[in-house]
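Spelled out from the first residue to the last, the chains are:
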Amino acid sequence: MRFTKKAAVFGATAIVAALTLSACGGGSTDNNSSSGADAPYKVADNVSLSGSPTFDKVKGDGKITIGVKEDQPGLGFKDPATGEYSGFDIDTARWMAASLGLSADKITFQAIASANREQALVNGQIDLYIGTYSITDKRKAQIDFAGPYLVTGQALLVKKDNTTINSDKDLAGKTVCSATGSTPIQNIKDKYKETKTTEFDVYSKCVDALKNGQVDAVTTDQPILAGYAAQDPDNLKVVGEPFTTEKYGIGLKKGDGALRKFLNDVLTNGKNIWTKLYDNNLGKSGLKLEQPAVDNY
């Protein structure tokens, strides 16, 4: 999956508009989820899913807890003024919940740091995790994934006046920041031995460190970086072509094959819904992505 520099710059200015679109579907509820009144899907009736302990729990409780990110504009973002959640990952979470028969007011979104996602699923703190969660073999040893529902790649965010970092080839001797437990920071450690690293629990702290001059660049996936650049286009920019391939999956408890198949079927049969959600959140950003096929492992 390749993106152009022009696309990244355009995305840095357009995701702000997309955020407004994704958040316009009704007011906040007690659990800070949108009513979903304008959603391109319906809440399913009389859902039957045998053999899934997660579904049995959710059905018995009449509610679902979904782990998300809340500091990634365009993907998973919580408005500090209203408490409203918005973004492509958030809308995908609402879609998956609706497919299980749960309306938006039955969803509790819970922000989970990157390093704590597997444990949150293992110990039942959350029922699903949908938040720029890259599918890796290491993670699949502890949990299962449905999807992928989006494929993207790792890029770089730098200060607007930075002329020394134009791609990943310019990272030697530089200090790069990313989230603890994320695949981007591990990739830098493994493949860019001459690059120094700094880690925080959330990407927004890396962006603050970049603005303060503590680090030279922030690295994670390109749509996330474009969202941060959109918040401060006079001071930040996305540079370079993506230099990894990241498959975003829906995290769920290990061994719940029935739920995994169910969610994969929802994704596979919902291409029109996926396109609508993508267009509402990221379509105007210049990042031209298509829905990927799910992995049937």
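Residues numbered from 1 in each chain as written. Predicted model: local features only at pLDDT ≥ 70, side-chain atom pairs only at ≥ 80, totals over all residues. Heavy atoms only, no water.

Draft legend 1. Structural view of the sheet that holds strand β8 (residues 154-159). In spatial order, the strands read β10-β9-β11-β8-β12; together these 5 strands make up an open sheet with mixed pairing. Edge positions in the sheet fall to β10 (196-200) and β12 (236-239), since each has one partner strand and no second. Between one strand and the next, the sheet's axes are offset by a mean angle of 35°, whatever the strand orientation. Pairing geometry for strand β9 (residues 175-179) and strand β11 (residues 217-221), over 2 bridges, is parallel. Residue pairing across strands places V176 opposite A217, the latter belonging to β11. Relative to the sheet, helix α7 (residues 203-211) contacts β8, β9, β10, β11 and β12, its axis offset from that of β11 by approximately 150°. Across the sheet, helix α8 (residues 222-231) lies against β8, β11 and β12, angled at about 130° from β11, the strand it touches most. (Pairing = 2+ DSSP bridges. Helix = DSSP H or I, 4+ residues; strand = E, 2+ residues; numbered from the N terminus. Axes fitted to C-alpha atoms, helices over the stretch in contact; angles between N-to-C directions. Contact = heavy atoms within 4.5 Å.)

Draft legend 2. Highlighting the pairing of strand β1 (residues 64-68). Where burial is concerned, most of β1 is hidden: 5 out of the 5 residues are buried. Side chains I64, I66 and V68 of β1 all project onto a buried face; the interleaved residues T65 and G67 project onto the opposite face, where all are buried too. Pairing geometry for β1 and strand β5 (residues 107-111), over 5 bridges, is parallel. When the bridges of β5 are listed, T65 appears paired with T108. Across 2 bridges, β1 lies against strand β6 (residues 128-129) in parallel orientation. Within the sheet, the bridge partner assigned to G67 lies in β6 and is Y129. (Buried < 20%, exposed > 50% of the residue type's maximum accessible area, 1.4 Å probe, protein only.)

Draft legend 3. View of the packing of helix α3 (residues 88-99) against helix α9 (residues 257-269). Look at α3 against α9: their axes get within 11 Å of each other, and the N-to-C directions meet at 115°. Relative to α9, the element α3 lies roughly perpendicular. Note on packing geometry: the crossing formed by α3 with α9 is right-handed. Touching W95, M96 and S99 of α3 are F262, L263, V266 and L267, all from α9. (Parallel < 35°, antiparallel > 145°, perpendicular 65-115°, else oblique. Left-handed = near helix turned anticlockwise from the far one by under 90°.)

Draft legend 4. Summary view of the packing of aromatic side chains. Applying the stated criterion across every chain yields a total of 9 aromatic pairs. Plain terms: the ring middles of Y133 and F145 are 5.0 Å apart, the flat faces sit at 65° to each other, and that makes the pair edge-to-face. Residue Y133 is located in the loop between β6 and α5 (137-140), and its partner F145 is located in strand β7 (residues 143-152); the two are separated by 12 residues in the primary sequence. Judged by relative accessible area, which is 0%, Y133 ranks as buried. Aromatic side chains Y149 and Y248 sit 6.4 Å apart centroid to centroid with 50° between the ring planes, which places their arrangement in the tilted category. Placement of the pair is Y149 in strand β7 and Y248 in strand β13 (residues 246-253), with a sequence separation of 99 residues. (Phe/Tyr/Trp six-rings, centres within 6.5 Å; stacked < 30°, edge-to-face > 60°.)

Draft legend 5. How the structure looks around the nonpolar core. Among the nonpolar cores identified, the biggest contains 58 residues, and I64, I66, F88, W95, Y149, L157 and I250 are the most heavily contacted of them. The greatest single-element share of this core, amounting to 7 residues, is contributed by α3. With residues near it in sequence (within four places) discarded, I64 still touches V58, A97, L100, L102, K106, I107, T108, D127 and L128. Counting 10 residues, the second largest nonpolar core, distinct from the first, contains I165, L171, I188 and A217. (Core = buried A, V, L, I, M, F, W, Y, C linked by side-chain atoms within 4.5 Å.)

Draft legend 6. Focus on the pattern of salt bridges. Enumeration over the complete set of coordinates arrives at 11 salt bridges. The salt bridge partner of D61 is K57, with a shortest N-O separation of 3.5 Å. Taken as a pair, D61 and K57 lie in helix α2 (residues 53-61) at a separation of 4 residues, close to a single helical turn. Using a relative accessible area of 43% as the deciding quantity, one classes D61 as partly exposed. A single salt-bridge network, built from bridges that share partners, covers K57, D61 and D127. (Salt bridge = Lys/Arg side-chain N within 4 Å of Asp/Glu carboxyl O.)

Draft legend 7. Representation of unusual backbone geometry. A cis amide bond links G147 with the next residue in sequence, P148, at an omega value of 10°. Summarising the element assignment, P148 is placed in strand β7. Although it is not a glycine, N46 adopts a positive phi angle of roughly 50°. Along the polypeptide, N46 turns up in the loop between α1 (5-22) and α2. N46 gets classed as exposed once you look at its relative accessible area, which sits at 80%. Of note in the backbone geometry, T132 takes a positive phi value of approximately 45° without being a glycine. Take T132: its relative accessible area is 7%, and that puts it in the buried class.

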